[in-house]
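Listed here are the chains, written in short residue letters.
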Amino acid sequence: LVLGMSIFNNPNALGHAIAPLAPMLYYIMVWRRPFTCRVLAFALLPLPAFCVYLTESKGAYISSAFALAGGLIFGRPKIVQIIMVILAVNVGGTLLYSLPRMGVMRSGKASAAEGGIAGRIFAFRYAWDVYQRGGRGLGKDRFLPSIQSERKWRKSAHSAFVEIGAELGPTGLF
């Protein structure tokens, strides 16, 4: 029931689930495999990357980078692993702060007034209010329509736990 409800109906959840596919494809079809498998892999490897790109999810980009770096470090000589970790930390840190809204986060001036944070706080508070009422919750697939009709603003929770808690109540969340 939980898997069929809220887990993939927002870009963040989908992006985080797709992130490990690139390293998995690499080890299944490229690493120590014959040439024909490698050719097919290079046709398939762009698909998860393109899917994550289309989510426009900063969290999915970050988790994809970690999955890819971690996957490529595995099975290498120790000196290569050390060099790759140093490169990943330095280059990754630089790229991380070039993502949208990360400059605000780094400066310590992120607040509830920032759009991405305010929307999540709004959805979390609404879900908490619904959860606190007790009962059986809003009902399956009723979070977005309910938040729109009651608060006049349609906002995804960006969290399967928040949506499930609001939709199914305490018993369903348990």
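Look up a bit, the structure's there.
Basis of the calculations
- Residues numbered from 1 in each chain as written.
- Predicted model: local features only at pLDDT ≥ 70, side-chain atom pairs only at ≥ 80, totals over all residues.
- Heavy atoms only, no water.
- Helix = DSSP H or I, 4+ residues; strand = E, 2+ residues; numbered from the N terminus.
- Buried < 20%, exposed > 50% of the residue type's maximum accessible area, 1.4 Å probe, protein only.
- Contact = heavy atoms within 4.5 Å.
- Areas by Shrake-Rupley, 256 points an atom, 1.4 Å probe, with all protein chains shown as cover.
- Patch = residues over 30% accessible without salt bridge, like charges linked within 9 Å, V, L, I, M, F, W, Y side chains within 5 Å.
- Salt bridge = Lys/Arg side-chain N within 4 Å of Asp/Glu carboxyl O.
- Axes fitted to C-alpha atoms, helices over the stretch in contact; angles between N-to-C directions.
- Parallel < 35°, antiparallel > 145°, perpendicular 65-115°, else oblique.
- Phe/Tyr/Trp six-rings, centres within 6.5 Å; stacked < 30°, edge-to-face > 60°.

Q: Would you mind showing me how to read the overall build of the protein chain here?
A: Each helix and strand counted, the protein chain has 10 helices and zero strands in total. Element order for the protein chain, N to C, with α for helix and β for strand: α-α-α-α-α-α-α-α-α-α. Across the 174 residues that make up the protein chain, the buried fraction comes to 30%. Expressed as a percentage of contacts within the protein chain between residues at least 6 apart in sequence, the contacts between residues at least 24 apart total 59%. Surface summary for the protein chain: the accessible area is close to 11,100 Å², and the carbon and sulfur share equals 69%.

Q: Whenever I open this one, a nonpolar patch on the surface confuses me. Can you help?
A: On the surface, a nonpolar cluster with roughly 530 Å² of combined accessible area is contributed by Ile79, Val80, Ile83, Leu87, Val91 and Leu95. Secondary-structure assignment places Val91 in helix H6 (residues 78-96). Val91 sits in the partly exposed class, given a relative accessible area of 45%.

Q: Hey, could you run me through the packing of helix H3 (residues 35-44) against helix H4 (residues 46-55) in this one?
A: At a minimum axis distance of 5 Å, the contact between H3 and H4 shows a crossing angle of 10 degrees. Viewed along their axes, H3 and H4 adopt a mutual orientation that is roughly parallel. Of the residues in H4, those touching H3 at Phe42, Ala43 and Leu44 are Pro46, Leu47 and Pro48.

Q: So what exactly am I meant to see when it comes to the packing of aromatic side chains here?
A: The final tally for this structure, using the stated rule, is seven aromatic pairs. Aromatic side chains Tyr27 and Trp31 sit 4.9 Å apart centroid to centroid with 85 degrees between the ring planes, which places their arrangement in the edge-to-face category. We classify Tyr27 as buried; its relative accessible area is 18%. You can call Trp31 partly exposed: its relative accessible area is 22%. These aromatic residues form a ring-pair network of at least three members: Tyr26, Tyr27, Trp31 and Phe74.

Treat this as a map of the structure, not an account of what it does.
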